[in-house]
Amino acid sequence: MSHKITIEAFTLSAATKAAVEEACRDRRLSRSQVSVIEGGLSAALPYYNVNHTPNLIIAEEASDDATILEQLEKLAEVCDPTTKVVVIGQVNDIRLYRTLIQAGVSEYLMAPISARQVLDTVDSIYSDPGMKTRGKILAFFGVRGGVGSSTVAYNTAWAISRFSSDDVIVVDTDIAFGTAGLAFNQDPKQTLADALSNPERLDASLVERFVSRIDDRLGVLAAPAVVRGFTPVEPEALEKILEMVRGLANFVVLDLPHVWLPWVQECLVTADEAVLVAYPDLANLREAKNLAELLGELRGEGSKPKLLLNRVDSTRKTQLTAKDFQEATGLEPLQLVANDRALFETAANNGQMAGEVNPNHKAVDSLKALALALGARVPQSKARNPGALGGQSLQENLNRVWQYLIKKG
Ligand SMILES: Nc1ncnc2c1ncn2[C@@H]1O[C@H](COP(=O)(O)OP(=O)(O)OP(=O)(O)O)[C@@H](O)[C@H]1O
Ligand SMILES: [Mg+2]
């Protein structure tokens, strides 16, 4: 498993610097962004007064425990709540180790350290099941064929990659007719069909190679879109692939074809979010109602599917309304995406997204809002949280440790 994190290492000695640099070259950190800055823990403080803290800070400090604690307290004031800290020190003292761990530091390593120790430490911090990247799967399904489900799915993925701090991978499961490759202007050699045809050979790094990268925030596992030599979707194989893909990005946008097969239903039940895309007419209303009932039951009360109305045109009096859909399905439509053939056809024919053709279009705003409604996170401005590290408040813990040390004299 390769980690996708940002690491900033503040080193004092040449040996520590060399160990971190060697660790950077390892497969496990191949997707991470690692910077090595000389000057140790004390250099970190002025640095984070002007910079965001990364996922992980590795800081070397040669002085005594009181100084380490004092420096860490200052660091805590400028740390993002999710930032983890590893301290490298000279003091071989189990009490210091315990004190630091108690204070919220993830690990204390004694210098000299090896590249292997750095990698194992990163593994142990980020292999915690709660911390591992486990991308949220957003399954898009058109309640009838041709309603624009794939278009909405791709544009939502694009919006996540552009307007949020999350990354995303689109998986096109429409093996014979999928359009993800065309939509993102990709002509991949490897597709989902290759992954599906050899499930026993699959591992995370192979799946990663099957993903075409649009940029570092957006990838596509395209369908072959061939009708000859059709590869059926085996549910277990697809599940295995999705488990691997979700380890690569914060979101997986699953484009499902409009066919009612057990694996499609399974995806709609197990996905973190099931998005039903409907056109506002009577037939769509009936399918949306049936699917909302079925998925409402199978997914459970707290996890109802989401409903999205696409191609909405308020000037067309013949279209049904969001209220009609809400009354029939019990689901409040999340977004109404405007009908604009010129925009979507131009985009599709250019291998572009709607937001690239016309960033100010209201349909683009709707898709951006949809991305956020589905959980994509707005990029944070520099967080000046008073020092919560790894879900625990470092500053609070340090205060307790200080109180304890003062009492002890
Ligand atoms: N909001 C919209 N306004 C105008 N045209 C749209 C809109 N959304 C999608 N379209 C167009 O609708 C057509 C069908 O889109 P798409 O292939 O995404 O539908 P689908 O539901 O995935 O179809 P299928 O059932 O074949 O999978 C495309 O030509 C697309 O450009
Ligand atoms: Mg489609």
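Residues numbered from 1 in each chain as written. Chains lettered and ligands numbered in written order. Predicted model: local features only at pLDDT ≥ 70, side-chain atom pairs only at ≥ 80, totals over all residues. Heavy atoms only, no water.

**Q** Give a detailed account of the packing of helix H3 (residues 65-78) against helix H4 (residues 94-102), specifying residues and quantitative values.
**A** Their axes nearest at 11 Å, the elements H3 and H4 cross at an angle of 10°. In terms of their interaxial angle, H3 and H4 are classed as roughly parallel. Counting all contacts with H3, which are made through Asp65, Ile68, Leu69 and Leu72, the residues of H4 involved are Leu96, Thr99 and Leu100. The residue inventory of the contact of H3 with H4, partitioned by class, reads five nonpolar, one polar and one charged. (Axes fitted to C-alpha atoms, helices over the stretch in contact; angles between N-to-C directions. Helix = DSSP H or I, 4+ residues; strand = E, 2+ residues; numbered from the N terminus. Parallel < 35°, antiparallel > 145°, perpendicular 65-115°, else oblique. Contact = heavy atoms within 4.5 Å. Nonpolar A, V, L, I, M, F, W, Y, C, P; charged D, E, K, R; others polar.)

**Q** Please give an account of the sheet that holds strand E2 (residues 33-38) that cites residues and values.
**A** In a beta sheet, neighbouring strands pair by backbone hydrogen bonds and run either parallel or antiparallel. Read from one edge of the open sheet, five strands run E2-E1-E3-E4-E5, paired in parallel fashion. In this open sheet, the two strands that pair with only one neighbour each are E2 and strand E5 (107-110). For this sheet, the mean angle separating the axes of adjacent strands, direction not counted, is 15°. In this structure, strand E3 (residues 56-61) lies alongside strand E4 (residues 84-89), joined through six bridges in parallel fashion. Across the sheet, residue Glu61 finds its bridge partner in E4, namely Gly89. Strands in contact with H3 are E3 and E4; relative to E4, the strand with the most contacts, it is inclined by about 155°. (Pairing = 2+ DSSP bridges.)

**Q** Please provide a residue-by-residue account of the pairing of E5, values included.
**A** Pairing analysis gives four bridges linking E4 to E5, with the strands arranged parallel. When the bridges of E5 are listed, Gly89 appears paired with Met110. Each parallel crossover has a hand, and the one from E4 via H4 to E5 is right-handed. (Right-handed = clockwise from strand over helix to strand, strands pointing away.)

**Q** I'd like to hear about the environment of Arg25, residue by residue, with values.
**A** Summarising the element assignment, Arg25 is placed in the loop between helix H1 (14-24) and E2. Note on Arg25: relative accessible area 64%, which makes it exposed. Separated by 90 residues in the primary sequence, Arg25 and Ala115 have C-alpha atoms spaced 9.6 Å apart. (Buried < 20%, exposed > 50% of the residue type's maximum accessible area, 1.4 Å probe, protein only.)

**Q** An account of the packing of aromatic side chains is requested, with residue identities and associated values reported.
**A** Inspection of every chain in the model, using the stated rule, returns six aromatic pairs. Ring centres 5.4 Å apart and planes at 70° place the aromatic pair Phe10 and Tyr47 in the edge-to-face group. Separated by 37 residues along the polypeptide, Phe10 in strand E1 (residues 6-11) and Tyr47 in helix H2 (residues 40-50) bring together distant segments of the chain. Assessed through its relative accessible area of 1%, Phe10 is described here as buried. Owing to a relative accessible area of 25%, Tyr47 belongs among the partly exposed residues under this scheme. (Phe/Tyr/Trp six-rings, centres within 6.5 Å; stacked < 30°, edge-to-face > 60°.)

**Q** Let's hear about the site of ligand 1: which residues, and what values?
**A** The environment of ligand 1 is formed by 16 residues, the closest being Gly146, Gly148, Ser149, Ser150 and Thr151. The backbone of Val147 places a nitrogen or oxygen atom 3.1 Å from an oxygen atom of ligand 1. Here an oxygen atom of ligand 1 and a side-chain polar atom of Thr151 are 2.4 Å apart. Burial of ligand 1 by the protein amounts to 77% of the accessible area it has alone, namely 630 Å². Tallying contributions element by element places helix H6 (residues 149-163) first for the shell around ligand 1, with three residues. The residue makeup of the shell around ligand 1, split by class, is four nonpolar, nine polar and three charged. (Near = heavy atom within 4 Å. Polar contact = N/O pair within 3.5 Å; in protein donor to acceptor, adjacent residues only side chain to side chain. Areas by Shrake-Rupley, 256 points an atom, 1.4 Å probe, with all protein chains shown as cover.)

**Q** So what about the environment of Thr6? Which residues, and what values?
**A** Structurally, Thr6 is set in strand E1. Overall, Thr6 belongs to the partly exposed group, its relative accessible area being 27%. In this structure, the C-alpha to C-alpha distance between Thr6 and Ser35, residues 29 residues apart in sequence, is 8.3 Å. The contacts of Thr6, once residues within four sequence positions are left out, are Gln33, Pro54, Asn55 and Leu56.

**Q** Help me get a handle on the nonpolar core, residues and values and all.
**A** One finds Val171 and Leu256 to be the most contacted residues of the largest nonpolar core, which totals 45 residues. Top element by residues in this core is helix H10 (residues 235-245). It accounts for six residues. Residues contacting Leu256, with those up to four places away along its chain left out, are Ala139, Phe140, Phe141, Thr173, Trp263, Val264, Cys267 and Leu268. Counting 37 residues, the second-largest nonpolar core is a separate cluster that includes Ile160, Val168, Val275 and Val364. (Core = buried A, V, L, I, M, F, W, Y, C linked by side-chain atoms within 4.5 Å.)

**Q** How would you explain the packing of helix H12 (residues 282-299) against helix H13 (residues 322-329) if you had to name every residue and give the values?
**A** Taken N-terminus to C-terminus, the directions of H12 and H13 make an angle of 35°; their axes are 9 Å apart at the nearest point. Once H12 is placed against H13, the crossing between them reads as right-handed. Listed contacts from H13 to Asn284, Leu285, Ala288, Lys289 and Ala292 of H12 are Asp324, Phe325, Ala328 and Thr329. Tallied by class, residues from the contact of H12 with H13 come to five nonpolar, two polar and two charged. (Left-handed = near helix turned anticlockwise from the far one by under 90°.)

**Q** Quick rundown of the confidence of the model for the chain? Include the residues and the values.
**A** Model confidence for the chain is summarised by a mean pLDDT of 89, while 89% of its residues fall at 70 or above. Every residue in residues 382-392 is under pLDDT 50, and counting partners more than four places away or in other chains gives 47 contacts. (pLDDT = per-residue confidence, 0-100.)

**Q** Any chance you could break down unusual backbone geometry for me, citing the residues and the numbers?
**A** In this structure, Pro112 follows Ala111 across a cis peptide bond, with omega equal to 0°. Structurally, Pro112 can be placed in the loop between E5 and helix H5 (115-126). You will see that Asn185, though not glycine, has its phi angle at about 55°, which is positive. With a relative accessible area of 58%, Asn185 lands in the exposed category. The phi dihedral of Ala225 falls on the positive side, at around 55°, and the residue is not glycine. Along the chain, the position of Ala225 falls in the loop between strand E9 (218-221) and H10. Here Ala225 falls in the partly exposed class, since its relative accessible area comes to 36%.

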